[in-house]
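Reading the structure
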Amino acid sequence: MRSLSQLSAFCLAAASLVAANSSGGSACRTRNVDVAVVGGGASGAYAAVRLKEDYKKKVVLIEKEKRLGGHVAEYNDPVTGIRFEYGVSQFNDYGPARAFFQRLGVTPGAPRRNPLTQQFVDFKSGARVNYTAAAAADTAAAFQKFLAAVAPFEEYILPGYWDFPPPGRIPADLLLPFSQFVKKYDIYAAALTIFEVTGFGAGDWDHALTLYLLSTFPHPMIRAFVGNGTLFVPETQRNQDVYDAIQVHLKDEVLYNSTVEKSDRKPNGHTLWVRDSFGGGCTIIQAKKLILAIEPTPANMKPFELDAKEQGVFSKFKYMVVHVGLLTHPSLPLGGSLVNLPPAAANSYLALPKPTLIPRFDHLGLNATVFRSMVIGNGSLSVAQAQGQVTSSINALIAAGSLPSPGSGGIQFKAWSNHGYMHAHFSADDIRKGYIQKLYGLQGHRGTWWTGGAFSMQLQAVLWAFDDVLLDRMYG
Ligand SMILES: Cc1cc2nc3c(=O)[nH]c(=O)nc-3n(C[C@H](O)[C@H](O)[C@H](O)COP(=O)(O)OP(=O)(O)OC[C@H]3O[C@@H](n4cnc5c(N)ncnc54)[C@H](O)[C@@H]3O)c2cc1C
């Protein structure tokens, strides 16, 4: 394989249209566009459609996978033919979401519900936990209180932090660790539900700020829990349909299996050297503007050669790592949800497991024996480590008698997604030093614009609304 410098030197030399590369065979194309978007997940794919269709811009979307959709994940069981969704599960009826479905020709429907019987167990010791779940009426009342308590902050954080208060004027509640916020507003009865929904994002509530909790469980989600907000999916129950429809709208504007190998970013125009990991071909993109819709992790940012201003902001981010897998195991209860809680949960709604953690094992129904499990870590967490944690948790539950013996059967992983780094967040100190404003100060810097979870929330509909603001600022 040729080195990057050889490739780049060659591609630069091919200043006009097409030239042969040093392997003598394939061609290095050039493409001139108004906007190059990197990352075809929720935020990048939506931005590309709007740029093409509403702003009439020439656009190219660079996506490293062979499909669009990011965290959407499905598994088609080759034996039973059953399809399981194990990534994104639903869309909030927020901002442009419903109209966007309509534009795509995707009919919305109610998400299929799969009622499960909960059992509370400690995944470390394997022992049952004598946890008494709050009564439904108390939980509903706690959610109402939660919504009322965070209502004043909506304008600061949704659909992004464009109007976040400057240091010195940040509401103290937003920087409270979420466990203290729960105590202050006496919303204990909502704690387990919030944890179950955000368990994969917010980590340890003794440290996770309320602001950060709200980025994984923002106002539209709270409204859905108080019966004042709708959740929907494609009526086919297949979330990938949304992104397959985007693919149809964008046609040849997407470069799949592609990553940027090198870039030259200038305020008035960019050159991107893009490599197709399948065919090995390269495309040189000349773009007037650039939107980066990928997590700004050091690995992702390497080809974009961050300057000191960009590096100074992104180096402050802390991340969580998220894995989701599908598995079978003869001991796991059909129709059941095993909820992981520490023994202290018997006496406190705020006693919750801390990362690295598995929130639950959930049976997925559909007349199959498949269970879904997440594994959440603070730092790096390999697939082997995550799967090892699942296996040892089930073994502990069997050894403690909380699950029956599997006989001669054992664990089988059917599918696994390493969602990698997500849930970028700053410390309270950095927020007090103005890092949210510094983050937003990067918009337009070096002709580069930013979208995605790190700049807004971890919710697709909110990201689409965020993009609306972003595009308006780019071209308004
Ligand atoms: C398990 C799970 C369940 C979820 N459930 C829901 C849900 O039910 N509802 C909801 O609204 N949200 C849900 N979310 C959150 C939602 O998926 C995210 O908030 C959203 O996808 C983030 O969008 P994004 O554009 O920032 O990133 P992503 O959607 O992750 O998109 C990034 C894209 O960039 C591509 N990419 C990455 N690196 C590169 C590179 N170097 N070059 C080119 N391409 C690259 C990736 O392949 C991906 O397609 C869930 C997330 C997870 C992990």
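What counts, and where the lines are drawn
Chains are numbered independently. Their residues run from 1 in the order of the written sequence. In view of the model being predicted, local features appear only for residues whose pLDDT reaches at least 70, and side-chain atom pairs are presented and counted only at 80 or more, with totals across whole chains, interfaces and linings using the full set of residues. Side-chain metrics rest on all non-hydrogen atoms present in the structure, leaving aside hydrogens and water. Disulfides are defined as pairs of cysteine sulfur atoms found within 2.5 Å of each other. A run of H or I in DSSP becomes a helix once it reaches four residues, and a run of E becomes a strand once it reaches two; helices and strands are each numbered from the N terminus. With a 1.4 Å probe rolled over the protein chains alone, any residue whose accessible area is under 20% of its type maximum counts as buried; one over 50% counts as exposed, and the rest are partly exposed. A score from 0 to 100, pLDDT tells how confident the predictor is in each residue. Note on definitions: a residue-residue contact is assigned when non-hydrogen atoms from the two residues lie within 4.5 Å. Each pair of strands is called paired provided DSSP finds at least two bridges between the two strands. Residues are labelled near a given molecule or strand when at least one of their non-hydrogen atoms is within 4 Å of it. Within 3.5 Å is the distance limit for a polar contact, defined as a pair of N or O atoms, with the added protein rule that one can donate a hydrogen and the other accept it, and that residues adjacent in sequence qualify only through two side-chain atoms. Just so you know the grouping, Ala, Val, Leu, Ile, Met, Phe, Trp, Tyr, Cys and Pro go in nonpolar, Asp, Glu, Lys and Arg go in charged, and all remaining residues, Gly too, go in polar. By definition, a salt bridge exists where a carboxyl oxygen of Asp or Glu is found within 4 Å of a side-chain nitrogen of Lys or Arg. Here the nonpolar core consists of buried residues drawn from Ala, Val, Leu, Ile, Met, Phe, Trp, Tyr and Cys, with membership extended through side-chain atoms lying within 4.5 Å. Here a cavity denotes grid points, spaced 1 Å and computed from the protein atoms alone, that fit a 1.4 Å probe unable to get out, and a pocket denotes an open set having protein on both sides within 12 Å along at least 5 of 7 lines; residues with an atom within 4 Å of a point are the lining. Grid points are joined across faces, edges and corners, and a volume is the space filled by probe spheres set on the points. Axes, fitted as lines to C-alpha atoms, cover a helix only where it is in contact. Angles between the N-to-C directions of the axes lie from 0 to 180 degrees. The rule is short: rings of Phe, Tyr and Trp, with Trp giving its six-membered ring, pair when the centres are within 6.5 Å, and they are stacked under 30 degrees, edge-to-face over 60, tilted in between. Geometrically, a lysine NZ or arginine CZ counts as sitting over a ring once it is within 6 Å of the ring centre and also within 35 degrees of the ring normal.

What follows is about the state of the cysteines. Within the structure shown, the criterion is met by 1 disulfide. Disulfide partner of Cys28: Cys282, at an S-S distance of 2.1 Å. Note on the Cys28 and Cys282 pair: the S-S dihedral is about -115°, so by sign convention the disulfide is left-handed. Of this pair, Cys28 sits in strand β1 (residues 28-38) while Cys282 is found in strand β12 (residues 282-292), placing the two residues 254 residues apart along the sequence. Of the two residues, Cys28 and Cys282, both sit in the buried class.

What follows covers the confidence of the model for the chain. Of all residues in the chain, 94% have pLDDT values of 70 or greater, and the mean over the chain is 93. This stretch, residues 1-25, has a pLDDT under 50; its non-local contacts, to residues over four places away or in other chains, come to 36 contacts.

So, on to the sheet that holds strand β6 (residues 108-109). Across the sheet, 3 strands lie side by side as β5-β8-β6; this open sheet has antiparallel pairing. Each edge of the open sheet is held by one strand with a lone partner, namely β5 (91-92) and β6. Of the pairings in the sheet, the one linking β5 to strand β8 (residues 231-234) comprises 2 bridges and is antiparallel in character. When the sheet's bridge partners are listed, Phe91 is paired in β8 with Phe232.

On to the pairing of strand β15 (residues 360-363), then. Burial of β15 is two-sided: the residues Arg360 and Asp362 facing one way and the residues Phe361 and His363 facing the other way are all buried. Both β15 and strand β16 (residues 371-377) contribute to a ladder of 3 bridges, which runs antiparallel. Within the sheet, the bridge partner assigned to Phe361 lies in β16 and is Ser373.

Around the ligand lies a shell of 31 residues, among which Ser43, Glu63, Ser89, Gln90 and Gln458 are the nearest. His71 places a polar side-chain atom, nitrogen or oxygen, 3.1 Å from an oxygen atom of the ligand. Between the ligand and Leu459 there is a distance of 3.3 Å, counted from an oxygen atom to a backbone nitrogen or oxygen. Among the residues making up the shell around the ligand, the classes are represented as 11 nonpolar, 17 polar and 3 charged.

Tallied over the entire structure, the rule returns 24 salt bridges. For Arg50, the salt bridge identified is with Asp468, shortest N-O distance 2.8 Å. Linking Arg50 in helix α2 (residues 42-53) with Asp468 in helix α16 (residues 460-475), this pair joins segments that are 418 residues apart in sequence. Among the residues examined, Arg50 registers a relative accessible area of 16% and is labelled buried.

Grouped together as the largest cluster of nonpolar side chains are 140 residues, with contacts concentrated most on Phe146, Trp205, Ile246, Ile285 and Trp464. When residues of this core are assigned to their parent elements, the largest contribution, 9 residues, is made by α16. One finds Leu327, Ile358, Ile398 and Trp416 within the second-largest nonpolar core, a separate group that totals 18 residues.

Of the pockets and cavities examined, the second largest pocket occupies roughly 280 Å³. Lining the second largest pocket we find 16 residues, and of these His207, Ala208, Tyr212, Lys318 and His425 sit closest to its centre. A total of 3 residues in the lining of the second largest pocket trace back to one element, the largest contributor, which is strand β13 (residues 318-328).

Moving on to the sheet that holds β15. In spatial order, the strands read β7-β14-β15-β16-β13-β17; together these 6 strands make up an open sheet with mixed pairing. Across the chains shown, the open sheet's two edge strands, defined by having one partner strand only, are β7 (117-121) and β17 (412-425). Pairwise comparison of adjacent strand axes, ignoring direction, gives a mean angle of 20° for this sheet. Pairing of β13 with β16, which is carried by 7 bridges, proceeds in the antiparallel orientation. Opposite Val324, over in β16, you have Met374 as the bridge partner.

Another aspect to go through is the packing of aromatic side chains. Two aromatic rings are characterised by how far apart their centres lie and by the angle between their planes. Throughout the structure, instances matching the rule amount to 37 aromatic pairs. Taking 5.7 Å as the distance between ring centres and 40° as the angle between the ring planes, the aromatic pair formed by Tyr55 and Tyr475 counts as tilted. Taken together, the residues span a long stretch of sequence, with Tyr55 in the loop between α2 and β2 (59-62) and Tyr475 in helix α16 at a distance of 420 residues. When its relative accessible area of 23% is taken as the criterion, Tyr475 is described as partly exposed. On the numbers, 4.7 Å between centres and 55° between planes, the contact of Phe120 with Tyr131 is tilted. Here the residue Phe120 occupies a position in strand β7, and Tyr131 occupies one in the loop between β7 and α4 (136-150), the gap between them amounting to 11 residues. Accessibility classification places Phe120 together with Tyr131 in one group, the buried group. Above the plane of the ring of Trp273 lies Lys262, whose end atom (NZ or CZ) is 5.4 Å from the centre. Between the NZ or CZ atom of Lys438 and the centre of the ring of Tyr435, over which it lies, the distance is 4.3 Å.

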